[in-house]
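# Coordinate inspection notes
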Amino acid sequence: MTRILGIETSCDETAAAVVEDGRYVHSSVVSSQVDLHARFGGVVPEIASRAHVELVTDVVAEAMVEAGVDTRDLDAVAACHGPGLAGALLVGVSAAKALALVADLPYVGVNHLEAHLHAAWLEDPALEPPLAVLVASGGHTMTVLMEDHGRYRVVGETVDDAAGEAFDKVARHLGFGYPGGPAIDRLARAGDAAAIRFPRAMPGAADFSFAGLKTAVVNHVRDHPDAALPDVAASFQEAVVDQLVDKLVAAADEADVPVLAIGGGVAANSRLRERVAERAAATGRRAFLPPLALCTDNGAMIAGTAWWQLHRDGPTSLSAGADPNLRLG
Ligand code: KG4
Ligand code: ZN
């Protein structure tokens, strides 16, 4: 049995968790800074870094207490080392390294995107690769063929905005706060998804695009000032979800992969979850929809991924830093 502490500070969540053998979550503590950033309409990097510094010690302590462990019970300490905000990443990386050094434990630097891919194992410990995964968050949107742990092929990526960014921008335009995804999701439930036919970008291509859709929504609201907002939200959401689901299924078709999985904050979207489940059933596949708390940023996905990485590649050097632009693969 291997227990790993994972720390996540790449954006606006200060999170820590203890996970056993890459699969079993013993604790997961997430302290969201949403309130600090809401009045600015998005994440302010400098505020995020300072808040991480203030919160990280307590969040780590709470994760250890909740799991009933102290450092002697741990086998490694992991932190997300990219991609993300430079200053924010450094807080988690420094905290993990300090703890590793003091407790004489291996340190593991984990890729945030790889961690979102691995959330599926926290949902089903028996899951076997290959799988086709859609990672959709505030900063990234991509389809990935996960051939094995550590073997990833990016099939398609967004050429402009990320899906979460589109949700956030449209929500802001409609007068809702940050983050916009949950607000649109809620509003859309009372709306008609067929009310307005917004464009589906890049049909047939592996890559994604959301900038034109955002502009179409802005133009529609300008030209129809009395448009019912729930209809606008539902129609916009349907256009995003159509694109996400079509490209995920196309990626799975291309490599004949039997499992569809989703990760990242947008994977918490209720309509996306419904549609992925439907399409999986219609194409004879299994769908992995991690619980909402494991879709948005959390420490458990970092600790879980660290276990696979530690067994595959060994520990990360304490002299390695953080990489805000770290890529997958
Ligand atoms: O993965 P995440 O927590 O942080 C990043 O790595 O970016 O994703 C945050 C993004 C935000 O853009 C937020 O609006 C979006 O995920 N999001 C949602 C929902 N919940 C969060 N988007 C659509 N529907 C939701 N229910
Ligand atoms: Zn994320």
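Now for a description of the structure that goes with this document.

### Things to note about the site of ligand 1
- Around ligand 1, 20 residues are found, and the nearest of them are Gly138, Asp168, Gly181, Asp185 and Gly265.
- Gly181 places a polar main-chain atom, nitrogen or oxygen, 3.0 Å from an oxygen atom of ligand 1.
- Measuring from a nitrogen atom of ligand 1, one finds a side-chain N or O atom of Asp185 at 2.9 Å.
- Contact with the protein chains hides 90% of the accessible area of ligand 1, taken as 560 Å² for the molecule alone.
- Only α4 (112-123), α5 (163-173) and α6 (180-188) provide two or more residues apiece to the shell around ligand 1.
- Top contributing element to the shell around ligand 1 by residue count: α6, with four residues.
- Residue composition of the shell around ligand 1, by class: five nonpolar, twelve polar and three charged.

### Topic: the packing of aromatic side chains
- All told, the structure shown has four aromatic pairs when counted by the stated rule.
- Seen from their ring centres, Trp121 and Trp308 are 6.1 Å apart, and the 65° between their planes marks the pair as edge-to-face. Highlighted residues: Trp121 in helix α4 and Trp308 in helix α11 (residues 300-313), separated in sequence by 187 residues.
- Accessibility expressed as a relative area gives 0% for Trp121, which makes it buried.
- For the pair Phe208 and Phe210, a centre-to-centre distance of 6.3 Å together with 20° between the ring planes defines the contact as stacked. Across the pair, Phe210 and Phe208 agree in class, each one buried.
- Joined through ring pairs, the aromatic side chains of Trp121, Trp307 and Trp308 make up one cluster.

### With respect to the sheet that holds strand β10 (residues 286-288)
- On the basis of which strands lie adjacent, the open sheet formed by five strands has the order β8-β7-β6-β9-β10 and mixed pairing. Of all the strands in the sheet, just β8 (151-157) and β10 have a single pairing partner and so form its edges. Recorded for the sheet is a direction-independent mean angle of 20° between the axes of neighbouring strands.
- One ladder, built from three bridges, connects strand β9 (residues 259-263) with β10; its direction is parallel. Bridge pairing in β10 places Leu260 opposite Ala287.
- Packed onto the sheet, α4 meets β6 (131-136), β7 (141-148), β8, β9 and β10 and runs at close to 120° relative to β6.

### Notes on helix α2 (residues 45-67)
- Across its 23 residues, α2 extends 30 Å between first and last C-alpha, which sits within 8% of the 33 Å expected from 1.5 Å per residue.
- Residue Leu55 marks the point of greatest curvature in α2, where the axis turns by about 45°.
- Taken as a whole, α2 has its buried residues at Ala48, Ser49, Ala51, His52, Val56, Val59, Val60, Ala63, Met64 and Ala67.
- Taken together, the buried residues of α2 touch β1 (3-8), β2 (13-20), β3 (24-32), α1 (34-38) and α3 (86-103).
- Gly68 sits one or two positions beyond α2 and adopts a positive phi of about 70°.

What counts and what doesn't
Residues numbered from 1 in each chain as written. Chains lettered and ligands numbered in written order. Predicted model: local features only at pLDDT ≥ 70, side-chain atom pairs only at ≥ 80, totals over all residues. Heavy atoms only, no water. Near = heavy atom within 4 Å. Polar contact = N/O pair within 3.5 Å; in protein donor to acceptor, adjacent residues only side chain to side chain. Areas by Shrake-Rupley, 256 points an atom, 1.4 Å probe, with all protein chains shown as cover. Helix = DSSP H or I, 4+ residues; strand = E, 2+ residues; numbered from the N terminus. Nonpolar A, V, L, I, M, F, W, Y, C, P; charged D, E, K, R; others polar. Phe/Tyr/Trp six-rings, centres within 6.5 Å; stacked < 30°, edge-to-face > 60°. Buried < 20%, exposed > 50% of the residue type's maximum accessible area, 1.4 Å probe, protein only. Pairing = 2+ DSSP bridges. Axes fitted to C-alpha atoms, helices over the stretch in contact; angles between N-to-C directions. Contact = heavy atoms within 4.5 Å. Expected span 1.5 Å × (residues − 1). Bend = angle between axes of the 7 residues up to and from the residue.

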